[in-house]
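Coordinates in review
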Amino acid sequence: RELAVEDAKELVAELCAGLYTQGHVSGTGGGISIRAGDRIVMAPSGVQKERMEACDMFVLSADGTVEQTPVARPPPNKPPKLSECAPLFMSAYELRNAGAVLHGHSMNAMLASLMFEDEFQITHVEMIKGIAGHGFYDTLRVPIIENTARECELTDRLREAMAKYPKSYAVLVKRHGVYVWGDTWIQAKTQFESYEYLFETAVKMRGMGIDCSLPPTTRHALMDWTDADGAGGGQCKRAKTTGNGVPAASKQHKFIVLDIEGTVAPISFVHEEMFPYARARLGEYLRGSGTSVERDIALVRAWANESGRGSAFEGVSAEEDVVAACVKVCEEDMDADRKSTALKSVQGNIWTTGFADGSIKVPLFQDVPSRIVEWYRQGIKTYIYSSGSRKAQRDLFGHTTVGDLRPYLQGFFDTTSGSKIDSASYENIALSLGAEHPDEILFATDNGLEAVAAREAGWRVVLLERPGNGPLDPAHRKAFEILPDFSSIIM
């Protein structure tokens, strides 16, 4: 339901009183504004925020014009004055389509602005999940801008920071405070409180000699913070350990190579979400411009010739006809489950857009994040080998439901290294890894044919039997170690 102006006035007064109690708007500082339909309700400047009433609020139009000025209270109260924050508040409404903007002067926000030069960073703290689009493993980044004598002079700097950090819902002002916004007043308030918690945490961690911008190095970081469906926010669960409390990991294997589909992420997500997402946008993407589109069209045409379908492009010169022929080739490959390099490049570039705008967030199996982090802590190098392009792989692990796991991965391999069912591909990868012996490498996959090829190359192999995966071939079931999850891997 759209918030009415009078209701928004009451809400601003109520929220300001709450922020005062929490130490965010003491000494008449700070303020709040809330969108009410096509109007903006804004707290006045220079008043005791905890004593404000609904009748004290300004009402502005969507372009920032004052439409309603509150009636002055008798002395010793000052005449009502529009907040100098108004241009900054309006920037969030204009650039982010915000539903509310909060500005606070807490000690924690001010100190946090001094901890970094121009970008606050914190990672591996549970409350990061209180900020939209972020997970436990993400590094939360908040731009820091220099203060000015008057707040209205901060507008250009704030707008530049908002443009540079499209995923941030806050801007810190050095030696001053913070501006926070959200799509609704509820989200803005929630995120304001979450940011405050994170600022306080960072300040206290600094006092303990801990760098909040770096992943932890203790075993406390090795907990699994995902819930049963891998979406995050659930029960903590440690990976399985040996009898002496040391994780069941390798002293002799130096490398782990992981498949993606059916191994780290559910097959259903890949087939029911990612593939249809790319298919629906093939034409739109290929009609676009830029180097990546031109390269992909060339790849598709070359692949069509190589696979005996070059006739699709014979006599075709008009741009729309070329696009239609490319779409046809890509759709044929998708229908036949052909993992061509051309198709994977096209899909990867389409998915990049979906990851960037938040349309795609990848759910991982519950055990995956903690084990990847644990292997990293133990000095075991983890790589990915998938039929998807390396770019798509990087995007996928950078946009999981629990955050960005790329810092824990050492590299990515795709079909440019060779077919996943050809042992020569695994021999090439072993050379790229610098392994002295192929049995230093463990490969985890759900595909029996890939397992056979890796073993032929001398790798150790485990087959994953995940929920939603197809049945394993009986011969492969007999030939390989079958595990239900990563916590069962003993290297």
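**Things to note about the overall build of the protein chain**
- A count of helices and strands for the protein chain gives 15 helices and 15 strands.
- Across its three principal axes, the protein chain shows a C-alpha extent of roughly 90 × 70 × 35 Å.
- Burial analysis of the protein chain (491 residues in total) assigns 53% to the buried set.
- Sequence-distant contacts, at least 24 apart, represent 65% of the contacts inside the protein chain between residues at least 6 apart.
- For the protein chain, the accessible surface area stands at approximately 22,100 Å², while carbon and sulfur atoms represent 51% of it.
- Where the 52 positive side-chain charges of the protein chain centre and where its 66 negative ones centre are 4 Å apart.

**What to know about the sheet that holds strand S3 (residues 58-61)**
- Ordered by their spatial adjacency, nine strands build an open sheet running S4-S3-S2-S1-S5-S9-S8-S7-S6, and the pairing between neighbours is mixed. Strands with a single pairing partner mark the edges of an open sheet, and in this sheet they are strand S4 (66-68) and strand S6 (119-123). For this sheet the average axis-to-axis angle between neighbouring strands, irrespective of direction, equals 25°.
- In this structure, strand S8 (residues 170-173) lies alongside strand S9 (residues 177-182), joined through four bridges in antiparallel fashion. Counted as the bridge partner of Val173 is Gly177 from S9.
- The sheet contacts of helix H1 (residues 5-21) involve strand S1 (31-36), strand S2 (39-42), S3, S4 and strand S5 (100-104), and relative to S1 the element is tilted by about 155°.
- Contacts between helix H3 (residues 107-115) and the sheet are confined to S6, strand S7 (139-145), S8 and S9, with S8 contributing the most and set at about 80° to the helix.

**Re the pairing of strand S10 (residues 255-258)**
- By the alternation rule, side chains of S10 split into Phe255 and Val257 and Ile256 and Leu258, which are all buried.
- Of the pairings in the sheet, the one linking S10 to strand S11 (residues 381-385) comprises four bridges and is parallel in character. When the bridges of S11 are listed, Ile256 appears paired with Thr382.

**As for the nonpolar core**
- Counting 65 residues, the largest nonpolar core has Phe120, Ile122, Leu172 and Tyr195 as its most contacted members.
- Within the second largest apolar cluster, 60 residues are counted, among which are Ile260, Val270, Ala278 and Tyr408.

**Focus on the pattern of salt bridges**
- Taken as a whole, this structure holds 28 salt bridges when the rule is applied.
- For Asp335, the salt bridge identified is with Arg279, shortest N-O distance 2.9 Å. Separated by 56 residues along the polypeptide, Asp335 in helix H9 (residues 319-335) and Arg279 in helix H6 (residues 267-279) bring together distant segments of the chain.
- Assessed through its relative accessible area of 58%, Asp335 is described here as exposed.
- Residue classification places Arg279 among the partly exposed residues on the basis of a relative accessible area of 32%.

**Digging into the packing of aromatic side chains**
- In this structure the tally under the stated criterion is 16 aromatic pairs.
- The interplanar angle of 45° and the centroid separation of 6.5 Å between the aromatic rings of Phe255 and Tyr383 together place this pair among those described as tilted. Taken together, the positions of Phe255 in strand S10 and Tyr383 in strand S11 put the pair 128 residues apart, joining distant regions of the chain.
- Since its relative accessible area comes to 11%, Tyr383 is described here as buried.
- The interplanar angle of 90° and the centroid separation of 5.2 Å between the aromatic rings of Tyr376 and Tyr408 together place this pair among those described as edge-to-face. Taken together, the residues Tyr376 in helix H11 (residues 368-377) and Tyr408 in the loop between helix H12 (390-398) and strand S12 (411-413) connect sequence positions 32 residues apart.
- On the basis of relative accessible area, Tyr376 is assigned to the partly exposed category, the value being 32%.
- Through pairs of rings, three or more aromatic residues link up here, namely Phe116, Phe120, Tyr195 and Phe199.

**Here we look at the confidence of the model for the protein chain**
- Residues of the protein chain with pLDDT of at least 70 account for 92%, and the chain-wide mean is 88.
- Note on residues 218-251: pLDDT under 50 across the span, and 80 contacts to partners over four residues away in sequence or across chains.

**Section: the environment of Met208**
- Mapping Met208 onto the fold places it in the loop between helix H5 (185-207) and S10.
- Here Met208 falls in the exposed class, since its relative accessible area comes to 62%.
- Considered as a pair, Met208 and Thr400 are 192 residues apart in the sequence and their alpha carbons are 30 Å apart.

**Re the pairing of S7**
- Along S7, five of the seven residues are buried, which leaves the element largely enclosed by surrounding structure.
- One ladder, built from five bridges, connects S6 with S7; its direction is antiparallel. Looking at the pairing, Phe120 lines up with Val142 of S7.
- Note: S7 against S8, two bridges, orientation parallel. Across the sheet, residue Ile144 finds its bridge partner in S8, namely Leu172.

**Digging into H1**
- The end-to-end C-alpha separation of H1 is 25 Å, in line with the 24 Å expected for 17 residues at 1.5 Å each.
- Those residues of H1 that sit buried are Ala8, Lys9, Leu11, Val12, Ala13, Leu15, Cys16 and Leu19.
- In the core, the buried residues of H1 are packed alongside S1, S2, S3, S4, S5 and H5.
- Directly beyond the C-terminal end of H1, a positive phi value near 90° is found at Gly23.

**Let's talk about the sheet that holds strand S15 (residues 481-483)**
- Strand order in the open sheet made by the six strands is S12-S11-S10-S13-S14-S15, with parallel pairing throughout. The open sheet has two free edges, formed respectively by S12 and S15, since each of these has just one partner strand. Within this sheet the neighbouring strands show an average axis-to-axis angle of 25°, counted without direction.
- Summarising the sheet, S11 and S12 pair through three bridges and their orientation is parallel. Of the residues in S12, the one forming a bridge with Ile384 is Phe412.
- Relative to the sheet, helix H13 (residues 423-433) contacts S10, S11, S12 and strand S13 (441-445), its axis offset from that of S11 by approximately 145°.
- Across the sheet, helix H14 (residues 448-456) lies against S13 and strand S14 (460-464), angled at about 170° from S14, the strand it touches most.

**Remarks on the packing of helix H10 (residues 341-356) against H12**
- It is at 9 Å that the axes of H10 and H12 come closest, and there the two elements cross at 20°. Between H10 and H12, the angle falls in the class roughly parallel. Note on packing geometry: the crossing formed by H10 with H12 is left-handed. Contacts between H10 and H12 pair Gly348, Asn349, Trp351, Thr352 and Phe355 from the former with Lys391, Ala392, Asp395 and Leu396 from the latter.

What counts as what
Residues numbered from 1 in each chain as written. Predicted model: local features only at pLDDT ≥ 70, side-chain atom pairs only at ≥ 80, totals over all residues. Heavy atoms only, no water. Helix = DSSP H or I, 4+ residues; strand = E, 2+ residues; numbered from the N terminus. Buried < 20%, exposed > 50% of the residue type's maximum accessible area, 1.4 Å probe, protein only. Contact = heavy atoms within 4.5 Å. Areas by Shrake-Rupley, 256 points an atom, 1.4 Å probe, with all protein chains shown as cover. Lys, Arg positive; Asp, Glu negative; His and termini not counted. Charge placed at Lys NZ, Arg CZ, Asp CG, Glu CD. Pairing = 2+ DSSP bridges. Axes fitted to C-alpha atoms, helices over the stretch in contact; angles between N-to-C directions. Core = buried A, V, L, I, M, F, W, Y, C linked by side-chain atoms within 4.5 Å. Salt bridge = Lys/Arg side-chain N within 4 Å of Asp/Glu carboxyl O. Phe/Tyr/Trp six-rings, centres within 6.5 Å; stacked < 30°, edge-to-face > 60°. pLDDT = per-residue confidence, 0-100. Expected span 1.5 Å × (residues − 1). Parallel < 35°, antiparallel > 145°, perpendicular 65-115°, else oblique. Left-handed = near helix turned anticlockwise from the far one by under 90°.

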